[in-house]
Amino acid sequence: MSLPPDYHMHTPLCRHAVGEPAQLAAQAVRLGLKEIGFSDHSPMPRDDFDEWRMRADQLDEYVAQVEQARREHPGLVIKLALEVDYLPGGEDWIRDLAGRHSWDYLIGAVHYVSDSWAIDSPAKISEWKNRQPMEVWTAYFERLTMAAESGLFDIIAHADLPKKFGFYPKEDCTALFNRFLEAAKKHGLAIELNTAGLRKDCKEIYPSPKIVRRAAELGVPITFASDAHAPEEVGMNFAEAVQLARSAGYKESCRFAKRRREMVKIDS
Ligand SMILES: [Zn+2]
Ligand SMILES: [Zn+2]
């Protein structure tokens, strides 16, 4: 089986990852991957917004490092992308970023449910104790749906990120998931099957099998993502992600080039 492209990986510019792009690419080659994509955390309008992303003046350096990885690994297809945080009101900034380089794709991600709380931040885990899980999940999925409707992105990252630390609502979230997935379908977005969840407390791929099955029913396309923050995480647990995709009924995943989508068979 040849593994599908790994479209979500980070670099040390985001200040919480290790391994230069060329080292991650070398790991991909070792695993037999044919294609990868770098999607590091994009800058915010203010560099002091948080401390886990590149600064705005590092974008060119990021692009140069990805180009260096391409030179060192000519047999590997390497895409240039960003994981962009969606916050309501930030649309103009995202449009500006989109025009700075010829990105192959942009991944839209919601980490912030307010301007100050990133729900996946270990430093802010105590915030979860102040709120009901359903309140957080609802706010998160509302923003994720807005991100899908914004028309700014090609792929939506880790769609059920609020499960990371295991804070699940007792209530039924089906309506939240459906609203998001219908927006993704309508606006032509893919969702990623992100294996980083297997490395967190939730011990499950993002998103859950239930969401993946519903996405398949609606015809929402998929990509595969390790969300690697270190070379050894490249392509990690991809066999499991492929199995999840297949069990939900997927036969194809997608590739991107200069923000145009192409469907490709998932090898078995
Ligand atoms: Zn990260
Ligand atoms: Zn993320």
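The coordinates are above.
Residues numbered from 1 in each chain as written. Chains lettered and ligands numbered in written order. Predicted model: local features only at pLDDT ≥ 70, side-chain atom pairs only at ≥ 80, totals over all residues. Heavy atoms only, no water.

Bringing the coordination of the zinc ion (ligand 2) into the picture now. Within the protein, E83 (OE), H111 (NE2) and H158 (NE2) serve as the donor atoms for the zinc ion (ligand 2), at 2.1 to 2.2 Å. Read from N- to C-terminus, the donor residues coordinating the zinc ion (ligand 2) fall into the pattern E-x27-H-x46-H. A distance of 5.6 Å spans the gap from the zinc ion (ligand 2) to the zinc ion (ligand 1). With E83 in strand β2 (residues 77–85) and H158 in the loop between β4 (155–156) and α5 (174–186), this pair connects stretches of sequence that are 75 residues apart. By the burial criterion, E83 is buried, and H158 matches it. (Donors = N, O, S within 2.8 Å, 3.2 Å for Na, K, Ca; no water. Helix = DSSP H or I, 4+ residues; strand = E, 2+ residues; numbered from the N terminus. Buried < 20%, exposed > 50% of the residue type's maximum accessible area, 1.4 Å probe, protein only.)

For the zinc ion (ligand 1), the protein coordination sphere consists of H16 (NE2), H41 (NE2) and H229 (NE2), at 2.0 to 2.1 Å. Counting the intervening residues between successive donors of the zinc ion (ligand 1) yields the motif H-x24-H-x187-H.

Next up on the list: the nonpolar core. Here is a general trend for soluble globular proteins: nonpolar side chains tend to be buried in one another's company. If you look at the biggest cluster of nonpolar residues, it comprises 77 residues, and the most contacted ones within it are I36, Y62, F141, F153, F180, F224 and Y250. Per element, the largest residue contribution to this core is eight residues, and it comes from helix α4 (residues 133–149). Contact partners of F141, with chain neighbours within four places excluded, come to A159, D160, L176, F177, F180 and I211. Within the second largest apolar cluster, 10 residues are counted, among which are Y7, A109, A157 and A190. (Core = buried A, V, L, I, M, F, W, Y, C linked by side-chain atoms within 4.5 Å. Contact = heavy atoms within 4.5 Å.)

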